2 protein chains.
Amino acid sequence: MGHFNMKVLIVHAHPEPQSFTASMKRLAMETLQVQGHEVMLSDLYAMHWNPVASAADFGVRQNPDYLVYALEQRESVAAGQIAPDIAAELDKLLSCDLVIFSFPLYWCSMPAIMKGWLDRVLVSGKIYGGLRFYDRGGMRGKRALLAYTCGGRDFMFGEHGIHGEMDIMLRHVLRGTLGYAGFEVLPSFVAFHVPYVAPGEREAILERYGDYLTKLEELEPLSFPTLDDFDAEMRPLASHPLVAEQD
Amino acid sequence: MGHFNMKVLIVHAHPEPQSFTASMKRLAMETLQVQGHEVMLSDLYAMHWNPVASAADFGVRQNPDYLVYALEQRESVAAGQIAPDIAAELDKLLSCDLVIFSFPLYWCSMPAIMKGWLDRVLVSGKIYGGLRFYDRGGMRGKRALLAYTCGGRDFMFGEHGIHGEMDIMLRHVLRGTLGYAGFEVLPSFVAFHVPYVAPGEREAILERYGDYLTKLEELEPLSFPTLDDFDAEMRPLASHPLVAEQD
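Cut-off values and rules
Residues numbered from 1 in each chain as written. Chains lettered and ligands numbered in written order. Predicted model: local features only at pLDDT ≥ 70, side-chain atom pairs only at ≥ 80, totals over all residues. Heavy atoms only, no water. UniProt positions renumbered as here; feature names shortened; annotations may be inferred. Axes fitted to C-alpha atoms, helices over the stretch in contact; angles between N-to-C directions. Helix = DSSP H or I, 4+ residues; strand = E, 2+ residues; numbered from the N terminus. Left-handed = near helix turned anticlockwise from the far one by under 90°. Contact = heavy atoms within 4.5 Å. Core = buried A, V, L, I, M, F, W, Y, C linked by side-chain atoms within 4.5 Å. Buried < 20%, exposed > 50% of the residue type's maximum accessible area, 1.4 Å probe, protein only. Parallel < 35°, antiparallel > 145°, perpendicular 65-115°, else oblique. Nonpolar A, V, L, I, M, F, W, Y, C, P; charged D, E, K, R; others polar. Buried area = accessible area lost by both parts, 1.4 Å probe. Salt bridge = Lys/Arg side-chain N within 4 Å of Asp/Glu carboxyl O. Polar contact = N/O pair within 3.5 Å; in protein donor to acceptor, adjacent residues only side chain to side chain. Pairing = 2+ DSSP bridges. Disulfide = S-S within 2.5 Å.

The name given to chain A in an unreviewed UniProt entry is NAD(P)H oxidoreductase YRKL, and the organism recorded there is Caballeronia sordidicola. One UniProt comment on chain A, placed under Sequence similarities (unreviewed entry), says "Belongs to the NAD(P)H dehydrogenase (quinone) family."

Below, the structure is given as structure tokens:
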């Protein structure tokens, strides 16, 4: 990145278009475009995105009497029969080099409208399936990052912080979703204490975010398991570092 | 529990009414009713629950020009102006002794329709606010538990499992949401490998779940921080075990 022109998908969710999170989204678009990258935006509130995974997502059903959502995803995508709103997002996702998730932290996770983007768009078959996950996941070769705002202060997170480490609180997304899907996951950009800080501090956060966005190449990606350390049933092999360390 | 009649709220989300997860929900209702408890059900797909937090949730706005969702929640609930679907769920929640969240694991978390129940129903002011969280949270005195199904096998989770410990993957709900809100959180009931197991194995899981539900009293709740170990700014005091252990 930085050396070539990327296609970037920003998935953004905030119910207030004037919010600080929305300012971060606009800054990301401008900063990346100035660098010569192509930016696609999925502004989920503006799109009235439907976050509810249901039988209505499939034009034709493999089994019309009993819904196994992942199975119908796999077959529907293969047959070109997935709901048009999902197909459009999937096209953006499959064509991009980097995905930025832009949101305010709601209950230590994404707002439901964005969780429903993951539920519906990260389809079985294309994104993962069988033994295709982590370093063999369908999103191999793409990068992803979270850029989020929260009300808490930085010292509330971390080893001695009252809430523990933020990356552990967000493990379900960073590792369980993005890492699992095969993305190279860059360290998150976190804007702390946002509802309470003075305008000057907001400017400083935006400046820090702009700087972060121009230096993505310098970031060390998060580390996840490799399937090389597990057998075909996903039982740890002797080479697994946690197992080896006990010998 | 067990010694007195509880009011139990089951919040259930699965897009297939014939699913195994739905069987678990029915079993929970029957088992608890037979024990003399009163059971309320919020079947989110059946209710067509709206999971999207937005300005439409408030009858009157404190600030009609700029939406701060938590602020409007606080004021709307106090003024009796919150959306009727939220008010109805809040009534159930505030009147119950135990909440059971019944769902299939989607991307190491709840389906979006249930995440949106948390986003919209766990309102600022009633559930948390100011210094009312963890052992001072608004849900103090109530219990909560997760009962979920997943496709993975039990050995994929845990210290040496490929996905690490399940309770860490779900920390955002167990600690970041339920623990934060003040619930006493009981160990989760997890049904592994559900889409792949034979009918006999499904019966065995249901039997194990019925047994779990009749022995809730015997379960050791999860452990979360106490605000006694932090100052008014939520910086750790010398009494904080992680700090003390370094001395």
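That shown, we press on.
**Student:** What's the story with the packing of helix α1 (residues 20-34) of chain B against helix α7 (residues 199-214) of chain B in this structure? I'm lost.
**Tutor:** A pair of packed helices is characterised by two quantities: the angle between their axes and the separation of those axes. Residues and elements named next belong to chain B. At a minimum axis distance of 10 Å, the contact between α1 and α7 shows a crossing angle of 35 degrees. As for the relative orientation of α1 and α7, their crossing is right-handed in sense. Two secondary-structure elements touch here, α1 through Phe20, Ser23, Met24, Leu27, Ala28, Thr31 and Leu32 and α7 through Arg202, Ile205, Leu206, Tyr209, Gly210, Leu213 and Thr214.

**Student:** I tried to follow the nonpolar core on my own but got confused; where do I start?
**Tutor:** Considering soluble globular proteins, one finds that nonpolar side chains tend to be buried as a cluster. In this structure, A:Leu93, A:Phe101, A:Trp117, B:Leu93, B:Phe101 and B:Trp117 are the most contacted members of the largest nonpolar core, which totals 118 residues. Apart from the residues lying within four places of it in its own chain, the contact partners of B:Trp117 are B:Leu9, B:Val11, B:Leu44, B:Trp49, B:Glu89, B:Leu93, B:Phe101 and B:Leu122.

**Student:** Got a minute to help me understand the UniProt feature "domain: Flavodoxin-like fold" (unreviewed entry) in chain A in this structure?
**Tutor:** Mapped onto this numbering, the UniProt entry gives "domain: Flavodoxin-like fold" (unreviewed entry) at residues 6-211 of chain A. Counting secondary structure, residues 6-211 of chain A comes out at 36% helix and 15% strand; the distance between its end C-alpha atoms is 17 Å.

**Student:** For this particular structure, what's the right way to read the packing of helix α3 (residues 84-95) of chain A against helix α4 (residues 112-121) of chain A?
**Tutor:** All names here are of chain A. In the contact formed by α3 and α4, the axes pass within 10 Å of each other and the chain directions differ by 85 degrees. Between α3 and α4, the angle falls in the class roughly perpendicular. Along its contact with α3, which presents Asp85, Ile86, Glu89, Leu90 and Leu93, the element α4 presents Trp117, Arg120 and Val121. Of the residues assigned to the contact of α3 with α4, the class counts are 5 nonpolar, no polar and 3 charged.

**Student:** Please clarify how the environment of A:Pro84 should be interpreted in this entry.
**Tutor:** Residue and element names in this part refer to chain A. One can find Pro84 in helix α3. Classification of Pro84 by relative accessible area gives exposed; the value is 66%. Measuring from C-alpha to C-alpha, the distance between Pro84 and Asp57 comes to 8.5 Å, with 27 residues separating the pair along the chain.

**Student:** Would you mind going over the interface of chain A and chain B with me for this structure?
**Tutor:** The interface is formed by 60 residues belonging to chain A together with 60 residues belonging to chain B. With both chains or domains summed, chain A and chain B bury close to 5000 Å², and 64% of this area falls on carbon and sulfur atoms. For the chain A face of the interface with chain B, the top three residues by lost area are A:Trp107, A:His160 and A:Ile162, together amounting to 19%. Across the chain A-chain B interface, the total number found is 2 salt bridges. When the shortest N-O distance is used, the salt bridge between B:Glu233 and A:Arg153 registers 3.0 Å. One can count 21 residue pairs in polar contact (both at pLDDT 80 or more) joining chain A with chain B. Elements supplying a minimum of two residues to the side of chain A that touches chain B: α4, α5 (166-169), α6 (171-181) and α8 (241-244) of chain A. Partitioning the side of chain A that touches chain B into residue classes produces 34 nonpolar, 14 polar and 12 charged.

**Student:** Is there a simple way to think about the pairing of strand β3 (residues 98-104) of chain B in this case?
**Tutor:** Looking along a regular strand, one sees side chains alternate from face to face of the sheet. Residues and elements named next belong to chain B. For β3, the tally of buried residues reaches 7 of 7 residues, placing the bulk of the element in the interior. Residues Leu98, Ile100, Ser102 and Pro104 point to one face of β3 and Val99, Phe101 and Phe103 to the other, with burial holding for every one of them. Two strands pair when backbone bridges link them, and strand β1 (residues 7-12) and β3 are joined in this way by 5 bridges, in the parallel orientation. For Leu9, the partnering residue across the bridge sits in β3 and is Val99. When β3 meets strand β4 (residues 143-149), the two strands line up parallel, connected through 7 bridges. Residue pairing across strands places Ser102 opposite Ala147, the latter belonging to β4.

**Student:** Is there a simple way to think about unusual backbone geometry in this case?
**Tutor:** Note: most residues except glycine have negative phi, and most peptide bonds are trans. Residues and elements named next belong to chain B. One non-glycine residue, His48, lies in positive phi territory at about 50 degrees. Accessibility expressed as a relative area gives 69% for His48, which makes it exposed. Phi is positive for Met234, which is not a glycine, with a value near 70 degrees. Mapped onto the secondary structure, Met234 falls in the loop between α7 and α8 (241-244).

**Student:** In this structure, what is going on with the state of the cysteines? I would like to understand it.
**Tutor:** Simply put, disulfide is the name for a covalent bond between the sulfur atoms of two cysteines. Residue and element names in this part refer to chain A. Following the criterion strictly, the structure yields 0 disulfides over all chains and no others. Counting only cysteine sulfurs, Cys150 is the nearest neighbor of Cys108, a cysteine outside any disulfide, at a range of 8.6 Å. Using a relative accessible area of 12% as the deciding quantity, one classes Cys108 as buried.

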